[in-house]
Amino acid sequence: MIDALVAAGWGLLAGSALLVGAVVGYAVRVPRWLIASVMAFGAGVLISAVSFELVGEAYEQGGLVPAAGGTVAGALAYTAGNVWLARRGARHRKRSGHLRGQPSERQVAGSGAALALGALLDGVPESAVIGGSLLDGGAVSLVTVAAVFISNVPEGLSSAAGMRRAGRGPGYVFGVWGSITAASAVSSLLGYTVVGALSTAVVAAVTAVAAGAVLAMIADTMIPEAFEEAHLAIGVITVCGFLTSFVLSHA
């Protein structure tokens, strides 16, 4: 029971970065180039974590088939959910700018609910991985927690800034991100309790599914936002984020 609560606590910690970013993004007019730069850095951090902490671990636990199959399945599942939400106004949920920004409720009816579901879709795989990491020796992967936390700040910041520009009030914005923060704790709890009861091969596949979903999310929502405002520097910034996570995982 205590370990399950610890898993929920780590998920809550990582998810709280979304709320921190949302507060800053809604209350302060952060330059869009800075948001994009931090987004690129966060994308690099997550790419490294997916490579070395998730897919690599899935391969060691279950071999090539569960690792590769799970990664593809996760990407397909995320993409399917994202396509469904995109048709309901959540295509640019992480965009902060005026061009290709988030729609208002007046422009697309029901887009508010779609944006909230999109935020949930983006956050659940990351948090489930944190809970699952406790299964490997009883200690959480601090690299995974750090990677998710670092990447969550620009996600919340950019999306909240876009919500504000779309005319959404603070009750909606902080309600969404507060709920996603709580959902992160629940997701991490389930990642520990539910996945922990499965066989090693299945655990490997589930880890790979989460990795595929996270990688698809990076390519579909984080990198486009970064490229839109900081395209000349996105490569270098993303590599810096990748190396930061790489160093943490090998220190």
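These numbers come from a predicted model, not from an experiment.

## Some points on the overall build of the chain
Logical step 1: Within the chain, the secondary structure is distributed over 8 helices and 0 strands.
Logical step 2: Secondary structure elements in the chain, listed N-terminal to C-terminal, are α-α-α-α-α-α-α-α.
Logical step 3: For the chain, with 251 residues in total, the buried portion stands at 48%.
Logical step 4: Sequence-distant contacts in the chain: of pairs separated by 6 or more residues, those separated by 24 or more amount to 84%.
Logical step 5: Total accessible area computed for the chain in this model is approximately 10,800 Å², and 72% of it derives from carbon and sulfur atoms.

## Quick word on the packing of aromatic side chains
Logical step 1: On inspection of all chains with the given rule, the structure shows 3 aromatic pairs.
Logical step 2: The interplanar angle of 65° and the centroid separation of 5.5 Å between the aromatic rings of Tyr26 and Phe174 together place this pair among those described as edge-to-face. Taken together, the positions of Tyr26 in helix 1 (residues 2-27) and Phe174 in helix 6 (residues 170-193) put the pair 148 residues apart, joining distant regions of the chain.
Logical step 3: Classification of Tyr26 as buried rests on a relative accessible area of 18%.
Logical step 4: Of the residues examined, Phe174 reaches a relative accessible area of 28% and is grouped as partly exposed.
Logical step 5: Aromatic ring contacts, followed pair by pair, group Phe52, Phe242 and Phe246 into a single cluster.
Logical step 6: The cationic tip of Arg168 hangs over the ring face of Tyr172; the distance from NZ or CZ to the ring centre is 5.2 Å.

## Observations regarding the environment of Phe149
Logical step 1: With respect to the element layout, Phe149 can be found in helix 5 (residues 142-165).
Logical step 2: Owing to a relative accessible area of 30%, Phe149 belongs among the partly exposed residues under this scheme.
Logical step 3: Residues within four places of Phe149 in sequence aside, it is in contact with Leu13, Ala14, Ser16 and Ala17.

## Digging into the nonpolar core
Inside soluble globular proteins, nonpolar side chains tend to come together where they are buried.
Logical step 1: Counting residues in hydrophobic clusters, the biggest one holds 26 residues, and the most contacted among them are Leu46, Ile218 and Met222.
Logical step 2: In terms of residue count, helix 7 (residues 200-230) provides more of this core than any other element does, 9 residues in total.
Logical step 3: Leave out the neighbours within four places in its chain, and Ile218 touches Ala43, Leu46, Ile47, Ile223 and Pro224.
Logical step 4: If you look at the next biggest cluster of nonpolar residues, it comprises 10 residues, including Ala22, Ala160, Met163 and Trp177.

## Re helix 1
Logical step 1: Look at helix 1: 37 Å from first C-alpha to last across 26 residues, which is about the 38 Å you get at 1.5 Å a residue.
Logical step 2: Residues of helix 1 that are buried include every one of Ala4, Ala7, Ala8, Gly11, Ala14, Gly15, Ala17, Leu18, Gly21, Ala22, Gly25 and Tyr26, and no others.

## Quick notes on the layout of surface pockets
Logical step 1: Within this model, the largest pocket holds a volume of roughly 460 Å³.
Logical step 2: Around the largest pocket, the lining comprises 30 residues; the ones closest to its centre are Pro125, Ala128, Val129, Val206 and Ala210.
Logical step 3: Counted by class, the lining of the largest pocket contains 18 nonpolar, 9 polar and 3 charged residues.

## Quick word on the UniProt feature "transmembrane region" (unreviewed entry) in the chain
Logical step 1: Taking the numbering used here, the UniProt-annotated feature "transmembrane region" (unreviewed entry) corresponds to residues 6-26, 33-52, 64-86, 171-192, 198-218 and 230-248.
Logical step 2: In the segment residues 6-26, helix accounts for 100% and strand for 0%; the C-alpha atoms at its two ends are 30 Å apart.
Logical step 3: Along residues 171-192, the helical share is 100% and the strand share 0%, with 32 Å between the first and last C-alpha atoms.

## Points about a nonpolar patch on the surface
Logical step 1: Taken together, the side chains of Trp84, Leu117, Leu120 and Val124 define a hydrophobic patch exposed on the protein surface, amounting to about 330 Å² of accessible area.
Logical step 2: Considering every element that reaches the nonpolar patch, the biggest residue donor is helix 4 (residues 111-133), with 3 residues.

What counts and what doesn't
Residues numbered from 1 in each chain as written. Predicted model: local features only at pLDDT ≥ 70, side-chain atom pairs only at ≥ 80, totals over all residues. Heavy atoms only, no water. Helix = DSSP H or I, 4+ residues; strand = E, 2+ residues; numbered from the N terminus. Buried < 20%, exposed > 50% of the residue type's maximum accessible area, 1.4 Å probe, protein only. Contact = heavy atoms within 4.5 Å. Areas by Shrake-Rupley, 256 points an atom, 1.4 Å probe, with all protein chains shown as cover. Phe/Tyr/Trp six-rings, centres within 6.5 Å; stacked < 30°, edge-to-face > 60°. Lys NZ or Arg CZ within 6 Å of the ring centre and 35° of its normal. Core = buried A, V, L, I, M, F, W, Y, C linked by side-chain atoms within 4.5 Å. Expected span 1.5 Å × (residues − 1). 1 Å grid on protein atoms, 1.4 Å probe; cavity = no way out; pocket = protein on both sides within 12 Å on 5 of 7 lines; lining within 4 Å. Points joined across faces, edges and corners; volume = space filled by probe spheres on them. Nonpolar A, V, L, I, M, F, W, Y, C, P; charged D, E, K, R; others polar. UniProt positions renumbered as here; feature names shortened; annotations may be inferred. Patch = residues over 30% accessible without salt bridge, like charges linked within 9 Å, V, L, I, M, F, W, Y side chains within 5 Å. Salt bridge = Lys/Arg side-chain N within 4 Å of Asp/Glu carboxyl O.

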